[in-house]
Amino acid sequence: PVDPKTREGAVRIVDDVKKNGKAAVVKYGLKFGDLKEGQPLLLGKAELKAAFDGIPKEQQQLLIRTARRIRKFAEAQRSSVMEVRVPIPGGWACQKVAAVEYAGCYAPGGRFPLPSSVLMTAVTAKAAGVQHVIVASPKPAEITKAAAHVAGAETLLAVGGAHAIAALAYGAGKDLHACDAIVGPGNRWVTAAKQLVAGRVTIDMLAGPSELLVLADETANPATVAADLLAQAEHDVVAIPMLVTTCPPLVDKVEVELKKQLSKLSTRATAEASLKHGGLAVLCEDMDAAIQVSNQLAPEHLEVIAKDEENVASKLDHYGALFVGNNAAEVLGDYGAGPNHTLPTGGTARSTGGLSVFDFLRVRTWMKLNDLKSAQQLVTDSMALAKLEGLQGHAKSAGHRLIKSSM
């Protein structure tokens, strides 16, 4: 949940942008340091391509390869949802699947650029069939702009926070159209603003601190477990790295490895704070108990490093993304194996999944009756249900479709 003070501040910002548009977005961009006087609020396709052309060739190829893997998985997801045509009395009922027209994809700025978040969100939107994709990211680095180009974005909004989300939701002048969907993780201001505009637009989720749970037994390598936990811990001081194990010695060995590896980690300050704030180890008497703990926590990321790993994995019901076996490091999912890395946190994996093409799709239905005579039972049933519910207007509307001889 968003704290009341942040929500109150976000309400003021969102309302201001809704009322005053581009001028308010620029005002907050300058106030919060996203922009300097005279800097453009929006970057178009030409600027994004220039950024791509200006980065080293190996970085260009890195972005292209990563985008290709993300796109392949997203396109497979898209092909799994089809239009449907089902016969009904007197005609047909049909399902039509179509992407939203405008999507806003948020990528945090923070301590380091996050081109992977640009690719995960914008490539997925394009694979869904979205025509117009706008990336928002504060003080975008050249690699961020280049990622937006590779992903197929047409515009980059160079601000962050609540004012960026409001601009995506309500538009900001003639050059920034209001979006139909807004996705992507961010800080508490982004989360508060997404909560406020939900309903005006569709959103993917309200992201909280990132989480990794490593479910391990005595076969796990303590150095590998520690490395994976530190990879999670270095995200943020409030990240939550967790070890759930059936092996008492593993806890002690991982603790030793954490201290050893921390001493050589450039992000030590952040990772150490994360371990102290949210790090935990849970010792279980057997794997069934460990599985129960994991299912209760419903973590964002879940690694299984254990013998009979596939059998263990089959009993896990609640997670954002599952990584089965020692080889399937969570960081490989973070950086573009294919499935999305924008995932539910805070136990919400019990009720929702990660970002996918489905966040950009609308499933719409329609029907047509060509043979009213064959639909008479449907008509009379509709009249009867309407009368049971006290809706006489509904009954009369259906009654206009009665063929007199059938009365």
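Refer to the structure presented above.
Engineer: Can you lay out the overall build of the protein for me, pointing to particular residues and giving the numbers?
Structural biologist: Secondary structure assignment for the protein yields 16 helices and 14 strands. Expressed along its principal axes, the backbone C-alpha trace of the protein runs to roughly 85 × 60 × 45 Å. Evaluated residue by residue, the protein yields a buried proportion of 48% over its 407 residues. Taking the intrachain contacts of the protein between residues at least 6 apart in sequence as the baseline, contacts between residues at least 24 apart amount to 70%. Total accessible area on the protein stands at roughly 20,100 Å², and carbon and sulfur atoms take up 55% of it. Separation between the mean location of the 45 positive side-chain charges and that of the 42 negative ones in the protein comes to 10 Å.

Engineer: Talk me through unusual backbone geometry; I want residue IDs and the actual numbers.
Structural biologist: Phi at K139 takes a positive value of approximately 45 degrees, unusual for a residue other than glycine. Counting through the fold element by element, K139 comes out in the loop between β5 (132-136) and α6 (142-151). On the accessibility criterion, K139 (58% relative accessible area) is exposed. Non-glycine residue D308 carries a positive phi angle of around 55 degrees. In this fold, D308 is placed in the loop between β12 (301-305) and α13 (309-314).

Engineer: Describe the packing of aromatic side chains, naming the residues involved and giving the relevant values.
Structural biologist: The description of an aromatic ring pair rests on the distance of the ring centres and on the angle between the ring planes. Using the criterion set out here, one finds 1 aromatic pair in the structure. For the pair Y28 and F32, a centre-to-centre distance of 6.1 Å together with 10 degrees between the ring planes defines the contact as stacked. For F32, a relative accessible area of 43% translates into the label partly exposed. Sitting over the face of the ring of W92, R85 holds its NZ or CZ atom 4.2 Å from the ring centroid.

Engineer: Explain the packing of helix α1 (residues 4-20) against helix α7 (residues 161-170) to me, using residue names and the numbers behind them.
Structural biologist: For the pair α1 and α7, the least separation of the axes is 9 Å and the interaxial angle reads 40 degrees. By the angle class used here, α1 and α7 are oblique. In the crossing of α1 with α7, the sense of the turn from one axis to the other is right-handed. From α1, A10, I13, V14, V17 and K18 reach across to α7, where they touch A162, H163, A166, A167 and Y170.

Engineer: Pulling in residues and values, what's your account of the pattern of salt bridges?
Structural biologist: Under the counting rule described, the total for this entry stands at 12 salt bridges. One salt bridge connects D204 with K194, and the closest N-O pair in it is separated by 2.7 Å. Taken together, the residues span a long stretch of sequence, with D204 in the loop between β8 (202-203) and β9 (211-216) and K194 in helix α8 (residues 188-197) at a distance of 10 residues. Both residues of the pair, D204 and K194, count as buried. For D217, the salt bridge goes to K307, with nearest N and O atoms at 3.8 Å. A residue pair is termed long-range when its members are at least 10 positions apart, and D217 in the loop between β9 and α9 (222-233) and K307 in the loop between β12 and α13 qualify at 90 residues.

Engineer: Go over the environment of F323 with me, naming the residues and quoting the values.
Structural biologist: Within the element layout of this structure, F323 appears in strand β13 (residues 321-324). Residue F323 is classed as buried on the basis of its relative accessible area of 11%. C-alpha of F323 to C-alpha of V237: the two residues are 86 residues apart in sequence and 24 Å apart in space.

Engineer: Give me the layout of surface pockets: which residues, what numbers.
Structural biologist: Of the volumes computed, that of the second largest pocket is approximately 260 Å³. Residue lining of the second largest pocket: 15 residues in total, with E255, L258, L275, G279 and L280 positioned closest to the centre. At the level of elements, β10 (240-245), α10 (248-262), α11 (268-278) and β11 (280-283) are the ones that each hand at least two residues to the lining of the second largest pocket. Residue contributions to the lining of the second largest pocket peak at 6 residues, all from α10.

Engineer: Summarise the nonpolar core; cite the residues concerned and give the values.
Structural biologist: Core analysis: the largest hydrophobic core is formed by 74 residues, its most contacted members being L63, L119, V130, V135, L157, I182 and F360. Looking at this core element by element, the count peaks at 8 residues for helix α5 (residues 115-128). With sequence-adjacent residues up to four places away left out, V135 is seen in contact with C105, V118, A122, A148, A153, T155, L156 and L157. One finds V225, A226, C247 and L250 within the second-largest nonpolar core, a separate group that totals 18 residues.

Engineer: Please provide a residue-by-residue account of helix α12 (residues 287-297), values included.
Structural biologist: For α12, the full list of buried residues reads M287, A290, I291, S294 and N295. An end-on view of α12 places all buried positions within 135 degrees of arc, on one side of the element. Facing away from the buried surface of α12 by more than 90 degrees, the exposed residues are D288, Q292 and Q296. At the N-terminal boundary of α12, the capping side chain belongs to D286, with an oxygen 3.3 Å from the backbone nitrogen of D288. A positive backbone phi angle near 45 degrees is found at A298, which sits one or two residues after α12.

Engineer: An account of the state of the cysteines is needed here, citing residue identities and associated values.
Structural biologist: Taken as a whole, this structure holds 0 disulfides when the rule is applied. Here C284 stays unpaired: no disulfide links it, and the sulfur of C247, its closest cysteine neighbor, is 12 Å away. Overall, the relative accessible area of 8% leaves C284 in the buried class.

Rules used in this analysis
- Residues numbered from 1 in each chain as written.
- Predicted model: local features only at pLDDT ≥ 70, side-chain atom pairs only at ≥ 80, totals over all residues.
- Heavy atoms only, no water.
- Helix = DSSP H or I, 4+ residues; strand = E, 2+ residues; numbered from the N terminus.
- Buried < 20%, exposed > 50% of the residue type's maximum accessible area, 1.4 Å probe, protein only.
- Contact = heavy atoms within 4.5 Å.
- Areas by Shrake-Rupley, 256 points an atom, 1.4 Å probe, with all protein chains shown as cover.
- Lys, Arg positive; Asp, Glu negative; His and termini not counted.
- Charge placed at Lys NZ, Arg CZ, Asp CG, Glu CD.
- Phe/Tyr/Trp six-rings, centres within 6.5 Å; stacked < 30°, edge-to-face > 60°.
- Lys NZ or Arg CZ within 6 Å of the ring centre and 35° of its normal.
- Axes fitted to C-alpha atoms, helices over the stretch in contact; angles between N-to-C directions.
- Parallel < 35°, antiparallel > 145°, perpendicular 65-115°, else oblique.
- Left-handed = near helix turned anticlockwise from the far one by under 90°.
- Salt bridge = Lys/Arg side-chain N within 4 Å of Asp/Glu carboxyl O.
- 1 Å grid on protein atoms, 1.4 Å probe; cavity = no way out; pocket = protein on both sides within 12 Å on 5 of 7 lines; lining within 4 Å.
- Points joined across faces, edges and corners; volume = space filled by probe spheres on them.
- Core = buried A, V, L, I, M, F, W, Y, C linked by side-chain atoms within 4.5 Å.
- Arc of directions from axis to C-beta.
- Polar contact = N/O pair within 3.5 Å; in protein donor to acceptor, adjacent residues only side chain to side chain.
- Disulfide = S-S within 2.5 Å.

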